[in-house]
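Architecture at a glance
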Amino acid sequence: MTVLSLAPLSLEAVAAPPNDPPLLAVEGLCKSFGSQVACRDISFALWPGEVLGIVGESGSGKTTLLNCVSTRLAPDAGTIRFQLRDGRIADLFQLSESTRRMLMRTDWGIVHQNPRDGLRLGVSAGANVGERLMAVGARHYGDIRGAARDWLGKVEIDVARLDDRPAEFSGGMQQRLQIARNLVSQPRLVFMDEPTGGLDVSVQARLLDLLRGLCAELNLAAIVVTHDLGVARLLAHRLMVMRQGEVVESGLTDQVLDDPQHPYTQLLVSSILQ
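Remember, it's a predicted structure, so these values are computed and weren't measured experimentally.

1. A closer look at the environment of G172
- Along the chain, the position of G172 falls in helix 5 (residues 171–183).
- The class of G172 is buried, set by a relative accessible area of 8%.
- For the pair G172 and L199, spaced 27 residues apart in the sequence, the C-alpha separation amounts to 6.7 Å.
- In this view, G172 contacts L199 and V203; residues no more than four positions away in its chain are not counted.

In structure tokens:
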């Protein structure tokens, strides 16, 4: 398994108040590509500070689900509701495209598996972080540069690399820079698609430790898609297991992985123990 050196995630800090509305609520989401069903009648809710892991084999529909929930792909049916900063509950696909784009720059972050998809390689590391602040109205050069410097420190990038371009960074550094770019605007919800994919095990361990600490420190809600059950155990408070477009099992991460009920989940868990 990956990153055995990290301690298990504590679940105590994310017990959702039963009467509080969720930050995100998905009901009856369906998506097909021709005759191929990618997501069938999927429902779940997510509260502030909670990390939801979505696991399953390639082709199970987990990335399609993430793309629909983050409005990058329109579902065929179902609703996706999000609590705005003013307390209103909005149906995301009833909002204008410009409003959804603004959410992506403010309340949401998207961490791609390939960090090059989430960075501008032609500008400096500091500009990558500062650009997101400018998108939400920051204009003072000194303040923007100072915030970029602070965030490079938070994600363990030497601040002396502030003016270097991401193309000069290693894959792990690029991923940490992408995280800084996403979190500098203090989003409330982050979508992560295989955030440690393609990285060496030692680099994965550092990145997972960083992500876990930032989620707790900033009270971030996050949805993490991964095929790695070790990553899911270390990052996610709750887990959904997908197979052929359906959620076959869900619950607290430790319960699902330590006592799997569905035969497919049992197969997934047993495969990493062999």
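Let's pick the thread back up.
2. Looking at the packing of helix 3 (residues 125–135) against helix 4 (residues 141–154)
- Viewed as axis vectors pointing N to C, helix 3 and helix 4 meet at an angle of 120 degrees, and their least axial separation amounts to 9 Å. Considered as vectors, helix 3 and helix 4 are oriented oblique to each other. When you trace helix 3 past helix 4, the crossing you get is right-handed. Across the interface between the two elements, A125, G126, V129, G130, L133 and M134 from helix 3 touch I144, A147, A148, W151 and L152 from helix 4.

3. Looking at the nonpolar core
- Formed by 35 residues in total, the largest nonpolar core has its most connected members in V129, W151, V155, L177, I179 and M192.
- Every element with two or more residues in this core is listed here: helix 3, helix 4, helix 5, strand 7 (189–193), helix 6 (201–218), strand 8 (221–226) and helix 7 (229–235).
- Broken down by element, this core gets its largest block of residues, 6 residues, from helix 6.
- The next biggest cluster of nonpolar side chains, apart from the first, holds 29 residues, and it includes L24, I42, F191 and M242.

Conventions adopted
- Residues numbered from 1 in each chain as written.
- Predicted model: local features only at pLDDT ≥ 70, side-chain atom pairs only at ≥ 80, totals over all residues.
- Heavy atoms only, no water.
- Helix = DSSP H or I, 4+ residues; strand = E, 2+ residues; numbered from the N terminus.
- Buried < 20%, exposed > 50% of the residue type's maximum accessible area, 1.4 Å probe, protein only.
- Contact = heavy atoms within 4.5 Å.
- Axes fitted to C-alpha atoms, helices over the stretch in contact; angles between N-to-C directions.
- Parallel < 35°, antiparallel > 145°, perpendicular 65-115°, else oblique.
- Left-handed = near helix turned anticlockwise from the far one by under 90°.
- Core = buried A, V, L, I, M, F, W, Y, C linked by side-chain atoms within 4.5 Å.

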